[in-house]
Amino acid sequence: MDPCDCTHEDIGGYDGSSDSLEDLQDSRAADTAEEEELCVSFQSKYFNFYPLYQDYQEYCVQVETDDLKKRNTGFLSALTIPQELETPIIACSSVNYTSFQQLSNAGDICLAEAPPVRLSTLWRDLEEVKASGLLTRLPEEEIKLQESMFELIGSEVSYLNSLTVAVKHFYASKELKQSLTPMEHHHLFSNICQIMAASKKFLMDLEGQLEESVLISQVEDIVLQHCPEFHRVYVPYVINMRYQETMVQLLQQNRDVLNLIENIESHTDCQRQNLRSFLVLPFQRITRIKLLLQSILKQTKPDADSKSNLEKAIATVHEIVTKCDNGVRKMEHIEELVYLDRLLDFGKMKSVPLVVSGRVLLHHGPMRHSCFSSVYLHLFNDLLVISSKKYWFQPAGFTVVDHAEFPSQVKVKHVQTELLGPPPDSFLLHLYKSHTGQPTTMKLAAETRLGTEVWMKLLQCKRCRFHLTAPFL
């Protein structure tokens, strides 16, 4: 893909929305407010039919595997969930979750024996369904559709089971709270209580609909009704997962806290699941809801009245997933700018504040300025900074040589190689107005011809928004 043909929105970066770093921090709810969220009193009718969500997902994979072996037996195909449901689809997956596993696996952990996984139930196995006689009257296609819709309910039961364990044993642990500062505790658990409350309300409505009629319908309407709440609680949680990662890394240095967490994990209610597996649940669930709705849509007749709202529900949940994705990328960009702001030394010249809303680092790297010197370029979507790298006897970072607005004050021109002239494949970098207020020109070349071509293409872009390089952090 040509970088000049891409906009920043194409990669899901900063979009000018209100979900800034400050907004995320301001969204931190006080303990009393989160406790109020827990006041949603609800006990699922199907609680004993489903294991923890972690085991449930593994069970789904096993069912799918078994179904592939028995594909000729018929009805088992209705139980399967596509394998892609097990694969998170948002960019947040770039967060390094290995640290969560290290947190739980550190040291010798003695876990209590977990009870066997409870098998999930099917719509056709419900006593009220059997008593209704629907199984003898409905065509197989309609039964498959009912199973797909009941899967949304059953998986939410399993999900709420796990959230309840996470809140009851980890979040609400007095010993763990006393071992962390309020900010550390929030960074570790974020708004998980609000997410649990949202799950309760969602499941309450789903099961309420099933109580009215064993023939399930309108699940898409219930999803649409709860999407505003999903957006409110899931977006900040997923964005906060970068802080969770940092907190877990810090906790690995505290043996006392690790022992506390290991003791909690050994509780029978945790069923041999570690802290990390509970913390990633919301990240997994919001993507799965969309995929479950897609599965229902595949089973729905093209002329069905529900088709339009199903498509709308899928699109709305997709918007939430995208918002999570964009929020994570935006946080990455902000952290990148904060880090660079510490590295760039403007010396006696007037400094430029780097942490600016909407600014993104597009590309950076060393350039040969002449046979005996080099410079380092940092190209942002609205700024070009030219620096010299500090040496070993100086503090790490860069000393800024020049800077100019991009692209309005920047122009490049290819220079042909001449005998004893500039390095091969060099170009002229012209700044119409540098930090001195005067124009300046320098000859530059990357280490390779391809590198030079990339720099020239980027510097010639008027609306370039493509993040070519990996994060600078």
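Here is what the cut-offs are and how they apply
- Residues numbered from 1 in each chain as written.
- Predicted model: local features only at pLDDT ≥ 70, side-chain atom pairs only at ≥ 80, totals over all residues.
- Heavy atoms only, no water.
- Buried < 20%, exposed > 50% of the residue type's maximum accessible area, 1.4 Å probe, protein only.
- Helix = DSSP H or I, 4+ residues; strand = E, 2+ residues; numbered from the N terminus.
- Pairing = 2+ DSSP bridges.
- Expected span 1.5 Å × (residues − 1).
- Bend = angle between axes of the 7 residues up to and from the residue.
- Contact = heavy atoms within 4.5 Å.
- Axes fitted to C-alpha atoms, helices over the stretch in contact; angles between N-to-C directions.

A. Structural view of the pairing of strand 3 (residues 374-380). A large share of strand 3 lies buried, amounting to six of its seven residues. Pairing of strand 2 (residues 361-368) with strand 3 involves seven bridges; the strand directions are antiparallel. Within the sheet, the bridge partner assigned to Leu361 lies in strand 3 and is Phe380. Both strand 3 and strand 4 (residues 383-389) contribute to a ladder of four bridges, which runs antiparallel.

B. Main features of helix 11 (residues 219-251). A rise of 1.5 Å per residue sets the reference length of helix 11, with its 33 residues, at 48 Å; its end C-alpha atoms lie only 41 Å apart and thus fall more than 12% short of the reference. By the largest-angle criterion, His226 marks the main kink of helix 11, which is about 45°, and a proline, Pro228, follows within four residues. Among the 33 residues that make up helix 11, 24 are buried, leaving the element largely enclosed by the rest of the structure.

C. How the structure looks around the environment of Val219. By secondary structure assignment, the location of Val219 is in helix 11. Separated by 13 residues in the primary sequence, Val219 and Leu206 have C-alpha atoms spaced 6.9 Å apart. Discounting residues that sit within four places of it in the chain, Val219 has contacts with Met149, Leu152, Leu206 and Ile296.

D. Quick peek at the sheet that holds strand 8 (residues 440-444). With respect to topology, three strands assemble into an open sheet ordered 6-7-8, the strand pairing being antiparallel. Both edges of this open sheet fall to strand 6 (410-415) and strand 8, since each of them pairs with a single strand only. Averaged over neighbouring strand pairs, the angle between their axes works out to 20° when direction is ignored. Bridging between strand 6 and strand 7 (residues 426-431) involves six bridges; their strand directions are antiparallel. Following the sheet pairing, Lys413 is matched in strand 7 by Leu428. Here helix 16 (residues 449-460) sits on the sheet and contacts strand 6 and strand 7; the angle it forms with strand 6, its principal contact strand, is near 145°.

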